[in-house]
Every structure is written in C-alpha cells, then in structure tokens.
Amino acid sequence: MPLSGKLAIVTGATSGIGAATARLFLSKGARVAAVGRNVSALDALSTEGCEVVEGDLAEAGTAERVVATAVEKLGGLTTLVNCAGVLKPGAFGATAPAPAAALADFDHNFAGNTRSVFELMVHATPHLKAAGADAGPAIVNVS
C-alpha cells in the first residue's frame with residue numbers, strides 16, 4: 001500500500017514496533033516525524049530520512065510539544081501512530097521497595113502508556129481534520 005503524501009507522527013520510533021513502523025512508512029513514501037527518547041536512535045532515523053522529535057511522553061506537556069513540532073517539520077499531519085510504551089516493573093510490586101515506589105511507577109506507566117496516547121490524539125485531531133477527508137486521516141493506537 002503506497003503512503004505517498006502521508007504526513008505521519010510515529011511515537012516510540014527509537015525501537016521495536018515503532019522503529020519498524022517509521023521505517024515502513026518511509027519505504028512506502030510517507031514523510032515521518034519519528035518520536036522517542038533515545039537521541040542516538042533518533043539520529044540514525046534522521047539519516048534515513050525521518051524528521052525527529054525527542055521527548056519523553058510520560059512527562060507532562062511533551063505530547064502537545066511533540067505534535068506542534070512534528071506538524072511544523074512535516075507541514076501538516078494526516079496520520080498519528082502511537083507506539084510508545086514504558087514499563088517500570090515496581091508498579092507490579094515485584095521490585096518496589098515500598099508501596100509509595102510502586103505507586104510512583106504505576107503513575108509513570110499510566111502517563112506513558114495511557115495519558116500520553118489520549119493527549120496526542122487530542123492535540124493531533126485538529127491537524128487531522130485540517131488535512132481533510134480526502135487525505136484519509138488516521139489514528140492508529142498500538143497496545
């Protein structure tokens with residue numbers, strides 16, 4: 001399926017499914033804003049043709065900045081692919097030294113895996129609507 005003309009944000013693009021998705025979209029003709037925390041992996045994606053946006057989506061305010069920066073670099077937005085994910089194992093009690101640590105790890109996991117997806121969709125939606133129905137705007141959430 002050709003993706004020429006698509007302007008995509010791919011989160012979690014510095015490893016795993018996100019990296020594979022960013023590279024696949026590039027190979028199919030899309031312009032891609034790759035989002036992640038690993039600067040050296042982002043540098044590699046940049047040399048492959050991705051626009052890059054560094055950021056930890058578990059941190060407040062990052063989702064809004066990521067969307068704004070990506071839209072500026074791409075000149076618009078037709079596609080959002082949420083692949084970013086985090087796991088601090090203390091949230092499950094296995095390695096946490098105290099209940100407070102487990103709660104902090106849970107909050108971090110929730111912020112990175114759930115809240116950020118919602119925030120990205122909220123901030124991306126006006127740009128997807130602006131692209132118009134003919135652009136085939138889409139949001140893909142990988143979980």
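Right above here is the structure, for reference.
This one's a predicted model, so the numbers in the text were calculated from it and none came from an experiment. (Residues numbered from 1 in each chain as written. Predicted model: local features only at pLDDT ≥ 70, side-chain atom pairs only at ≥ 80, totals over all residues. Heavy atoms only, no water.)

Q: Would you explain the packing of aromatic side chains in this entry?
A: Centre distance and the angle of the planes are the two values used to describe a pair of aromatic rings. What the rule picks out here adds up to 1 aromatic pair. Where Phe106 meets Phe110, the ring centres are 6.3 Å apart and the plane angle is 25°; that geometry is what we call stacked. In this pair, Phe106 and Phe110 both sit in helix α4 (residues 99-131), 4 residues apart, roughly one turn of the helix. When its relative accessible area of 42% is taken as the criterion, Phe110 is described as partly exposed. (Phe/Tyr/Trp six-rings, centres within 6.5 Å; stacked < 30°, edge-to-face > 60°. Helix = DSSP H or I, 4+ residues; strand = E, 2+ residues; numbered from the N terminus. Buried < 20%, exposed > 50% of the residue type's maximum accessible area, 1.4 Å probe, protein only.)

Q: Help me out: how do you make sense of the nonpolar core in this one?
A: Soluble globular proteins tend to bury their nonpolar side chains together. Ile9, Val35, Leu57, Val66, Leu77 and Leu120 are the most contacted members of the largest nonpolar core, which has 17 residues in total. For this core, the secondary structure elements donating two or more residues are β1 (7-11), β2 (31-36), α3 (62-74) and α4. Top contributing element to this core by residue count: α3, with 6 residues. Discounting chain neighbours no more than four positions away, the residues touching Leu120 are Thr11, Leu57, Ala63, Val66, Val67, Leu80 and Asn82. Core analysis: the next-biggest nonpolar cluster, separate from the first, contains 15 residues, Val10, Phe25, Ala30 and Val32 among them. (Core = buried A, V, L, I, M, F, W, Y, C linked by side-chain atoms within 4.5 Å. Contact = heavy atoms within 4.5 Å.)

Q: Please clarify how the pattern of salt bridges should be interpreted in this entry.
A: When the charged atoms of two side chains with opposite charge come close together, those side chains can pair. Inspection of every chain in the model, using the stated rule, returns 3 salt bridges. Arg23 is paired through a salt bridge with Glu48; the nearest N and O atoms lie 2.8 Å apart. You can see Arg23 sitting in helix α1 (residues 16-27) and its partner Glu48 sitting in helix α2 (residues 39-48), a full 25 residues away along the chain. Residue Arg31 pairs with Glu51 through a salt bridge whose shortest N-O separation is 3.7 Å. Of this pair, Arg31 sits in strand β2 while Glu51 sits in strand β3 (residues 51-54), and the two are 20 residues apart along the sequence. (Salt bridge = Lys/Arg side-chain N within 4 Å of Asp/Glu carboxyl O.)

Q: Looking at this structure, I do not really get the side chain of Thr79. What am I missing?
A: Relative to the helices and strands, Thr79 is located in strand β4 (residues 79-82). Here the side chain of Thr79 touches Thr78 through a polar contact of 3.1 Å, side chain to side chain. When residues no more than four places from it in sequence are discounted, the contact partners of Thr79 are Lys6, Leu7, Ala8, Ile9, Phe25, Leu128 and Ala138. (Polar contact = N/O pair within 3.5 Å; in protein donor to acceptor, adjacent residues only side chain to side chain.)

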